[in-house]
Amino acid sequence: MSFHTIIWLGHAIEIIDQTLLPQQKVYITLEDPLQVFEAIKELKVRGAPAIGVAAAMGMALGAMKIKYSDKDEFMSKLNDVADLLASSRPTAKNLFWAIEKMMVIAKSGDDAPDKIIKKLERKALQIYEEDIAINKKIGENGAAVLKSGETVMTHCNAGALATAGYGTALSVIRAAVEVGKDIKVIATETRPLLQGSRLTVWELMEDNIDVTLITDSMSGHFMKDGKINKIIVGADRISANGDVANKIGTYNHAVVAKENNVPFYVAAPLSTIDADTKCGDDIPIEERNPIEVREFMGTTSTVKDVQVFNPAFDVTPNRFVSGIITECGILYPPYIKSISRVISENRVENGID
Ligand code: MRU
């Protein structure tokens, strides 16, 4: 791969600034939790698993920077770091999952702060490394759903840029291509922030994977014409019944896919599943700045001050989802059963609880 999304520098975090891609490939250094918070909020680092990894590293970084006179003060300031990072974006489950994993480590045992700091650094690196391994497994598990000669549509960016490496939806495509299947990709532009045209197109072309760009509203036309054989998208949060929160517009594609008998798959790690959220209606949906809709690539594209709705995500009800591709295999309906089974089977090994 010709880039890295996020790496730990030992005293800081390095990320590729995704707001500048594909025109500029710029790496920036995040020196403290406030900079990590801002980078997540501004989508310099984005995509549910990458946000989780950034938050874990942000916790380790925050712990290193705390000035304290006793352990109580250290723990109280560490809680503040956790609260700050958790307030960056509301929808991606991986953010809260990672912060919780880090707080469990900090609270376990009677360690002094200097030892806790070392444990947090190790845990952040573990979350990073496991994310890469999990994504490879998602790819291996999902590759079987793609047949040679098929065209797959994906929405937003669920690729290497959205994770520590490989991606989720794009890992499935990469794995199918790696075993020699002839796969073509259709990437949707993904208004308003263009994660499809800026990021998915860029990373697939970097890997020499055949990709064609369409605008979001073209997907129905190509499905009706039989030009799209499968859809694979990522997820920000999956509720216990298999409803899927993902980038705004995902729901439209899923409904049209069902109408046209196009299988619609979601690829996500178990850390994206929120077993405590019963259904999609309970998933918090981020509302973003109206400017993102009023402007296109920094230029105003409408009447100044027009009222705007700008939800970052929508929820696709489980009846539109053909399967959920995870590191532990593909889950099928009824999701209430398959999700509850996979979570209880993997509670210990994957820290899903
Ligand atoms: O607003 P973003 O760019 O963070 O939204 C990202 C998505 O919706 C992705 O599809 C999702 O996080 C899965 S990434 C593997």
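Please refer to the structure placed before this passage.
From a predicted model like this one, the values you see are computed outputs, not experimental measurements.

Definitions and cut-offs
Residues numbered from 1 in each chain as written. Predicted model: local features only at pLDDT ≥ 70, side-chain atom pairs only at ≥ 80, totals over all residues. Heavy atoms only, no water. Helix = DSSP H or I, 4+ residues; strand = E, 2+ residues; numbered from the N terminus. Rg over C-alpha atoms; globule rule 2.2 N^0.38 Å. Buried < 20%, exposed > 50% of the residue type's maximum accessible area, 1.4 Å probe, protein only. Contact = heavy atoms within 4.5 Å. Lys, Arg positive; Asp, Glu negative; His and termini not counted. Charge placed at Lys NZ, Arg CZ, Asp CG, Glu CD. Phe/Tyr/Trp six-rings, centres within 6.5 Å; stacked < 30°, edge-to-face > 60°. Lys NZ or Arg CZ within 6 Å of the ring centre and 35° of its normal. Pairing = 2+ DSSP bridges. Salt bridge = Lys/Arg side-chain N within 4 Å of Asp/Glu carboxyl O. Core = buried A, V, L, I, M, F, W, Y, C linked by side-chain atoms within 4.5 Å. Axes fitted to C-alpha atoms, helices over the stretch in contact; angles between N-to-C directions. Parallel < 35°, antiparallel > 145°, perpendicular 65-115°, else oblique. Left-handed = near helix turned anticlockwise from the far one by under 90°. Near = heavy atom within 4 Å. Polar contact = N/O pair within 3.5 Å; in protein donor to acceptor, adjacent residues only side chain to side chain. Nonpolar A, V, L, I, M, F, W, Y, C, P; charged D, E, K, R; others polar.

**Student:** Which residues make up the overall build of the protein, and what are the values?
**Tutor:** Helix and strand counts for the protein stand at 11 helices and 16 strands. A compact globule built from 353 residues would reach a C-alpha radius of gyration of about 20 Å, and the protein, at 20 Å, matches this within 12%. By principal-axis analysis of the C-alpha atoms, the protein measures approximately 70 × 50 × 40 Å. Counting all 353 residues of the protein, 55% fall into the buried class. In the protein, the proportion of contacts linking residues at least 24 apart, taken out of those at least 6 apart, comes to 74%. Placing the 39 positive and 47 negative side-chain charges of the protein at their respective mean positions leaves the two points 3 Å apart.

**Student:** Give a detailed account of the packing of aromatic side chains, specifying residues and quantitative values.
**Tutor:** Applying the stated criterion across every chain yields a total of three aromatic pairs. A centroid spacing of 5.3 Å and a plane angle of 70° characterise the contact between Tyr-68 and Phe-74, whose relative ring orientation is edge-to-face. The residue whose ring lies beneath Lys-247 is Phe-313, and the NZ or CZ to ring-centre distance is 4.4 Å.

**Student:** I'd like a description of the sheet that holds strand E11 (residues 273–274), backed by residues and values.
**Tutor:** Pairing within the open sheet is mixed, and its four strands lie in the order E11-E8-E9-E14. Both outer strands of the open sheet, E11 and strand E14 (313–316), are each paired with one neighbouring strand and no more. Pairing between strand E8 (residues 237–239) and strand E9 (residues 244–247): two bridges, direction antiparallel. Along E9, the bridge assignment pairs Ile-238 with Val-244.

**Student:** Before we move on, could you go through the pattern of salt bridges and cite the residues and values that matter?
**Tutor:** Tallying each qualifying case throughout the model produces 18 salt bridges. The salt bridge partner of Arg-237 is Asp-274, with a shortest N-O separation of 2.7 Å. Here Asp-274 lies in strand E11 and Arg-237 lies in strand E8, a separation of 37 residues in the sequence. Arg-288 is the partner of Glu-292 in a salt bridge, and the nearest nitrogen-oxygen pair spans 2.9 Å.

**Student:** Talk me through the nonpolar core; I want residue IDs and the actual numbers.
**Tutor:** Judged by nonpolar contacts, the single largest core of 45 residues is most densely connected at Ile-13, Met-59 and Leu-78. Contributions of two or more residues to this core are made by strand E1 (6–8), strand E2 (13–16), helix H1 (33–41), helix H2 (48–65), helix H3 (71–86), helix H4 (93–107) and helix H5 (113–143). If you tally residues by element for this core, the top one is H2, at 12 residues. Counting 26 residues, the second largest nonpolar core, distinct from the first, contains Ile-231, Ala-235, Ala-254 and Ile-324.

**Student:** Outline the sheet that holds E1, listing residues and values.
**Tutor:** Across a sheet, paired strands are connected by hydrogen bonds in the backbone, their directions being either parallel or antiparallel. Spatially, E1-E2-E3 is the arrangement adopted by the three strands of the open sheet, whose pairing is antiparallel. Two strands bound the open sheet, and with one partner strand each, they are E1 and strand E3 (27–30). Direction aside, neighbouring strands of the sheet carry axes that sit 20° apart on average. Looking at chain direction, E1 and E2 are connected through three bridges and run antiparallel. The partner of Ile-6 across the bridge, within E2, is Ile-15. Across the sheet, H1 is in contact with E2 and E3; its angle to E3 comes to roughly 135°.

**Student:** Before we move on, can you summarise the side chain of Thr-250 with the specific residues and values?
**Tutor:** Along the polypeptide, Thr-250 turns up in helix H9 (residues 250–259). Its relative accessible area of 1% is what places Thr-250 among the buried residues. Discounting residues that sit within four places of it in the chain, Thr-250 has contacts with His-155, Val-233, Phe-264, Asp-314 and Thr-316.

**Student:** Tell me about the packing of H1 against H3, residues and numbers included.
**Tutor:** At a minimum axis distance of 9 Å, the contact between H1 and H3 shows a crossing angle of 15°. The angle between H1 and H3 falls in the class roughly parallel. Viewed along their axes, H1 and H3 form a crossing whose handedness is right-handed. Across from Pro-33, Leu-34, Val-36 and Phe-37 in H1, the residues of H3 making contact are Val-81, Leu-84 and Leu-85.

**Student:** Provide a residue-level description of the site of the ligand, including the pertinent values.
**Tutor:** The environment of the ligand is made up of 18 residues, and the closest members are Arg-46, Arg-89, Asp-236, Asn-246 and Lys-247. Contact between the ligand and Arg-89: an oxygen atom at 2.8 Å from a side-chain N or O atom of the residue. For the shell around the ligand, the secondary-structure elements that each account for two or more residues are H2 and E9. Its residues assigned to classes, the shell around the ligand shows eight nonpolar, six polar and four charged.

**Student:** Tell me about the environment of Val-201, and name the residues and values.
**Tutor:** Tracing the backbone shows Val-201 in helix H7 (residues 195–206). Judged by its relative accessible area of 13%, Val-201 falls in the buried class. Separated by 72 residues in sequence, Val-201 and Glu-129 place their C-alpha atoms 25 Å apart. Discounting residues that sit within four places of it in the chain, Val-201 has contacts with Ala-187, Gly-196, Val-211 and Leu-213.

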